[in-house]
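Okay, here's what each chain looks like letter by letter:
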Amino acid sequence: MAENKIILEFKNITTIALLVILAISLAFELQVTFSTPISFGDEGYFTRISQYIAENKDLPALVPVIGNDYTGRPTLTGRPILWNLVQSSFFFVLGFNDWITRFLTPFITMMTGLVTFVLIKKLFNDKIAFISAVVLVTIPSVVTHAVLFTVDALLMFYFVLTVLFFVYGTQTGNKKYVWLSGLFLAFSFLTKNSAVGLYVFFFVAFLYELIANRNFKETFTRYATVIAISLIFQGGNLLNSFYYFGTPSCTLPYISLIFDTSKCGTPRPQEVYQFDIPTQQSGGDQSIYRMGLTNFLEFAYGNIWLVPLGLFAGIMTSFLTKDRTITLLLIMVMTIIPFFHYSSPRAEDGARYLLGWAPFVAIFVAVYFAKIYEFLKSHQKHIALIVF
């Protein structure tokens, strides 16, 4: 009797494995978000203003408050508007329900891991792409903000698309990816002011390519296209800001040195009562330097021997290569340095402000561990002799 054999062949095992990991991660995060209340503070602010926009079909210049006319915080500039518009769009179509808010940030985090895998696979290979995505969705600060109903998960998503689309467009010469980079650069800036770090990246990368290629026209055209597209798509918000407040932003660092910010918001009420405040900083309330750099890195990025050390080793090994793709990503991850100092007064805020750079931290960790994998694979016979 003849025997029949059934052979199952999985050609995309890394893709399947990643989808399983992302699905499990999403399930755990949704379990947290659906079992915890929307807290007072940033979570309550973003949810309530989004509800107001959906119900009144109006984006107010100043934040409306039940029982009062206005508070002093402008919505157009003090808090960039895109996260409010994303949530309010769902509320407008589906009606206000807090399950929308509870679902969005874990889902966006999962999508960030997925697009990181897809784009890094195009730039490098399966191994680096897989490790990058897995490291990203397991970094403590990423997991934390996946279960918080704030803007930071969306910002991280746009950071990845902006930089990786640009790098891929530069690598392949495909202009549409460069154009998409400009679009997502605008979305990033409309999401949070931390996106100014992307403009720093494009400026430094432009100088690098200008020196390396010595082709001013082609280099200038590519970078100018990105900036022009970003300014066009956020032009309406900039004009609104100028109309109401006389400045493109009320809260960008050092913006008051260039523009008059006296119209930003209404005068604060005079304080009549005084309340006790904590006098000793502890936990995430203390500065990064007071907490200690090692403690902060473990607090934000996990075990010091895995992610922080992997990042350092990945950067060191990347310095030895002359690949333009690696160099552009290296420039991006190095722009974290000035923003690290700016974010240092409060450790909890530091982890939040630097969340946009988390995918690029994960990429260099993956570069390092992929090199270890290749070394072990090529020397496994020698390792076996040493061990036995």
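Treat the numbers as computed from the prediction; the structure is a model and nothing was measured. (Residues numbered from 1 in each chain as written. Predicted model: local features only at pLDDT ≥ 70, side-chain atom pairs only at ≥ 80, totals over all residues. Heavy atoms only, no water.)

Engineer: I tried to follow the overall build of the protein on my own but got confused; where do I start?
Structural biologist: The number of helices and strands found in the protein is 19 helices and 2 strands. For the protein, long-range pairs separated by at least 24 residues make up 72% of all intrachain contacts whose partners lie at least 6 apart in sequence. Summed over all atoms, the accessible surface of the protein reaches about 21100 Å², with 65% contributed by carbon and sulfur. (Helix = DSSP H or I, 4+ residues; strand = E, 2+ residues; numbered from the N terminus. Contact = heavy atoms within 4.5 Å. Areas by Shrake-Rupley, 256 points an atom, 1.4 Å probe, with all protein chains shown as cover.)

Engineer: Looking at this model, I keep getting lost on helix α11 (residues 235-245). Mind explaining?
Structural biologist: Each full turn of the α-helix corresponds to 3.6 residues, which orients residues three or four apart in the same direction. By the burial criterion, the buried members of α11 are Gly235, Asn237, Leu238, Ser241 and Phe245. One side of α11 carries all its buried residues, which in axial view fall inside an arc of 165°. Counted as exposed and oriented over 90 degrees from the buried face of α11: Leu239 and Tyr243. One or two steps after α11, the chain reaches glycine 246, where phi turns positive at roughly 70°. (Buried < 20%, exposed > 50% of the residue type's maximum accessible area, 1.4 Å probe, protein only. Arc of directions from axis to C-beta.)

Engineer: Just checking my understanding: could you explain the packing of helix α5 (residues 126-138) against helix α18 (residues 358-378) for this structure?
Structural biologist: Two quantities define a packed helix pair, namely the angle between the axes and the distance from one axis to the other. Remark: α5 packs on α18, axes separated minimally by 8 Å, with the N-to-C direction vectors making an angle of 130°. Taken together, the axis directions place α5 and α18 in an arrangement best described as oblique. Here the hand of the crossing between α5 and α18 comes out right-handed. Where α5 abuts α18, its residues Lys127, Ile128, Ile131, Ser132, Val135 and Leu136 lie against Ala358, Pro359, Ala362, Ile363, Val365, Ala366, Val367, Phe369, Ala370, Tyr373 and Glu374. Within the contact of α5 with α18, the residues separate by chemical class into 14 nonpolar, 1 polar and 2 charged. (Axes fitted to C-alpha atoms, helices over the stretch in contact; angles between N-to-C directions. Parallel < 35°, antiparallel > 145°, perpendicular 65-115°, else oblique. Left-handed = near helix turned anticlockwise from the far one by under 90°. Nonpolar A, V, L, I, M, F, W, Y, C, P; charged D, E, K, R; others polar.)

Engineer: Is there a simple way to think about the side chain of threonine 47 in this case?
Structural biologist: Mapping threonine 47 onto the fold places it in helix α2 (residues 42-56). For threonine 47, a relative accessible area of 5% puts it in the buried group. From its side chain, threonine 47 meets the backbone oxygen of glutamate 43 in a polar contact 2.8 Å long. Ignoring anything within four residues of it in the chain, the contact list for threonine 47 reads Ile38, Gln87, Phe91, Phe96 and Thr101. (Polar contact = N/O pair within 3.5 Å; in protein donor to acceptor, adjacent residues only side chain to side chain.)

Engineer: Which parts of the structure should I look at to understand a nonpolar patch on the surface?
Structural biologist: On the surface, Phe34, Phe90, Phe92, Val93, Leu94 and Trp99 cluster together to form a nonpolar patch covering roughly 630 Å² of accessible area. Per element, the largest residue contribution to the nonpolar patch is 4 residues, and it comes from helix α3 (residues 82-94). Tracing the backbone through its elements, the reader meets tryptophan 99 in helix α4 (residues 98-123). A residue is classified by how much of its surface remains accessible, and tryptophan 99, at 38% relative accessible area, is partly exposed. (Patch = residues over 30% accessible without salt bridge, like charges linked within 9 Å, V, L, I, M, F, W, Y side chains within 5 Å. Salt bridge = Lys/Arg side-chain N within 4 Å of Asp/Glu carboxyl O.)

Engineer: What should I look at first to understand the nonpolar core in this one?
Structural biologist: Within soluble globular proteins, side chains that are nonpolar generally end up buried alongside one another. Core analysis: the biggest nonpolar cluster contains 95 residues, and Leu164 and Phe360 have the highest contact counts within it. The leading source of residues in this core is helix α7 (residues 152-172), at 15 residues. Phenylalanine 360 has contacts with Phe159, Val160, Val163, Leu164, Leu329, Met332 and Val333, leaving out every residue within four places of it along the chain. (Core = buried A, V, L, I, M, F, W, Y, C linked by side-chain atoms within 4.5 Å.)

Engineer: Sorry if this is basic, but what is going on with unusual backbone geometry here?
Structural biologist: Glycine aside, a negative phi is what most residues show, and trans is what most peptide bonds show. Notably, lysine 57 is not glycine yet its phi reads approximately 50°, a positive angle. We classify lysine 57 as exposed; its relative accessible area is 61%. Its identity is not glycine, yet arginine 214 carries a phi of approximately 55°, on the positive side. Structurally, arginine 214 is set in the loop between α9 (196-213) and α10 (216-233).

Engineer: Hey, could you run me through the pattern of salt bridges in this one?
Structural biologist: Should their charged atoms come close, side chains of opposite charge can pair. Under the counting rule described, the total for this entry stands at 7 salt bridges. Close ionic contact of glutamate 374 with lysine 127 constitutes a salt bridge, the shortest N to O distance being 3.0 Å. Placement of glutamate 374 in helix α18 and of lysine 127 in helix α5 is noted, with a sequence separation of 247 residues between them. Where glutamate 209 meets arginine 222, a salt bridge forms, and the shortest distance between an N and an O atom there is 2.9 Å. In this pair, glutamate 209 is assigned in helix α9 and arginine 222 in helix α10, connecting sequence segments 13 residues apart. Judged on exposure class, the residue glutamate 209 and its partner arginine 222 are both buried. In this structure, a network of salt bridges that share partners links the residues Glu209, Glu218, Arg222 and Arg324.

Engineer: Looking at this structure, how should I read the packing of aromatic side chains?
Structural biologist: Aromatic ring pairs: the centre-centre distance and the angle between the two ring planes describe each pair. For the structure on display, the rule yields 24 aromatic pairs. Between phenylalanine 165 and tyrosine 177, the ring centres sit 5.6 Å apart and the planes meet at 35°, which makes this aromatic pair tilted. You can see phenylalanine 165 sitting in helix α7 and its partner tyrosine 177 sitting in helix α8 (residues 175-191), a full 12 residues away along the chain. An angle of 75° between the planes, with centres 6.3 Å apart, marks the rings of phenylalanine 202 and tyrosine 223 as edge-to-face. (Phe/Tyr/Trp six-rings, centres within 6.5 Å; stacked < 30°, edge-to-face > 60°.)

Engineer: Can you walk me through helix α14 (residues 307-318) in this structure?
Structural biologist: Taking 1.5 Å per residue as the helical rise, α14 with its 12 residues ought to reach 16 Å, and the 16 Å between its terminal C-alpha atoms agrees with that figure. Summarising the contacts, the buried residues of α14 are in contact with α5, α13 (293-301), α15 (324-334) and α18. (Expected span 1.5 Å × (residues − 1).)

Engineer: How should the packing of α15 against α18 be read in this particular structure?
Structural biologist: Between α15 and α18, the shortest axis-to-axis distance is 9 Å and the interhelical angle comes to 130°. In terms of their interaxial angle, α15 and α18 are classed as oblique. Taken as a pair, α15 and α18 cross one another with a handedness that is left-handed. Of α18, the residues touching α15 (which contributes Ile326, Leu329, Leu330, Met332 and Val333) are Phe360, Val361, Ile363, Phe364 and Val367. Residue composition of the contact of α15 with α18, by class: 10 nonpolar, no polar and no charged.

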